[in-house]
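Read off the chains here:
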Amino acid sequence: LLISNNSNATDLFPIFLSKFEELFAPKTPGSEDSSLVLKFPYLLERIVVTIMRACIHLYDIVELRIHLQKSLKLIEDLPSSFTRTIGDRLGCGLAIVLRGCFYLFETSDEWSTIKTLLDIAAQDKSGRGFVFDGIASVIDYALPSPDGEEDEG
């Protein structure tokens, strides 16, 4: 719904984000894990994937970047016991975000968020390869070719 409705994304994504924030919030004061993580890990994994897909497809919409950044920051606060189980999906999504959007990152906060999430994804063996592939892809794309010709790809 969100990604296929690009023209309405600026109206829709804040609604999604408020629900994500509500679901991610700890249910009891002082609790480190939200009940969503403990009771519904599959639902949480789908939310993380939705956040990744939204960043991949919508980061070029300037008005949405603040909301997309907030959603990425939600992932930072998830328990490592959970993020290790989704390291492959997190790493793959972040690699695509990095390669497709690195030139759109304008603030140190954006870079810091991506760095932190790449580090989280790289903590698990299943995510590590995706993280390094994403970094290598950006380097390969951003650096001029040794012979001085433009690389097609």
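Scroll up to find the structure this text is about.
These lines cover the structure that appears in this document, whether it is placed above or below. These numbers come from a predicted model, not from an experiment.

**Some remarks on the overall build of the protein**
Item 1. Per the secondary structure count, the protein includes eight helices and zero strands.
Item 2. Going residue by residue from the N terminus, the α and β elements of the protein occur as α-α-α-α-α-α-α-α.
Item 3. When burial is assessed residue by residue, the protein has 39% of its 153 residues classed as buried.
Item 4. In the protein, once contacts between residues fewer than 6 apart in sequence are set aside, the share between residues at least 24 apart is 68%.

**Focus: the pattern of salt bridges**
Item 1. Taken as a whole, this structure holds six salt bridges when the rule is applied.
Item 2. Between Glu45 and Arg89 there is a salt bridge whose closest N-O contact spans 3.3 Å. Here the residue Glu45 occupies a position in helix 3 (residues 41-58), and Arg89 occupies one in helix 6 (residues 87-101), the gap between them amounting to 44 residues.
Item 3. Residue class for Arg89 comes out partly exposed when judged on its relative accessible area of 33%.

**Observations regarding the nonpolar core**
Item 1. Ile51, Leu68, Leu72, Ile75, Leu90, Leu94 and Ile114 are the most contacted members of the largest nonpolar core, which has 39 residues in total.
Item 2. Mapped by element, the contributors of at least two residues to this core are helix 1 (9-24), helix 3, helix 4 (65-76), helix 6, helix 7 (108-122) and helix 8 (125-142).
Item 3. A per-element tally of this core places helix 3 first, with eight residues.
Item 4. Residues contacting Ile114, with those up to four places away along its chain left out, are Leu72, Leu94, Val97, Leu98 and Phe105.

**Some thoughts on the side chain of Thr83**
Item 1. As for its placement among the helices and strands, Thr83 is situated in helix 5 (residues 80-83).
Item 2. Taking the relative accessible area as the measure of exposure, Thr83 reaches 4% and is therefore buried.
Item 3. Among the polar contacts made by the side chain of Thr83, one reaches the main-chain carbonyl oxygen of Ser80 at a distance of 3.3 Å.
Item 4. Discounting chain neighbours no more than four positions away, the residues touching Thr83 are Ile75, Leu78 and Ile120.

Basis of the calculations
Residues numbered from 1 in each chain as written. Predicted model: local features only at pLDDT ≥ 70, side-chain atom pairs only at ≥ 80, totals over all residues. Heavy atoms only, no water. Helix = DSSP H or I, 4+ residues; strand = E, 2+ residues; numbered from the N terminus. Buried < 20%, exposed > 50% of the residue type's maximum accessible area, 1.4 Å probe, protein only. Contact = heavy atoms within 4.5 Å. Salt bridge = Lys/Arg side-chain N within 4 Å of Asp/Glu carboxyl O. Core = buried A, V, L, I, M, F, W, Y, C linked by side-chain atoms within 4.5 Å. Polar contact = N/O pair within 3.5 Å; in protein donor to acceptor, adjacent residues only side chain to side chain.

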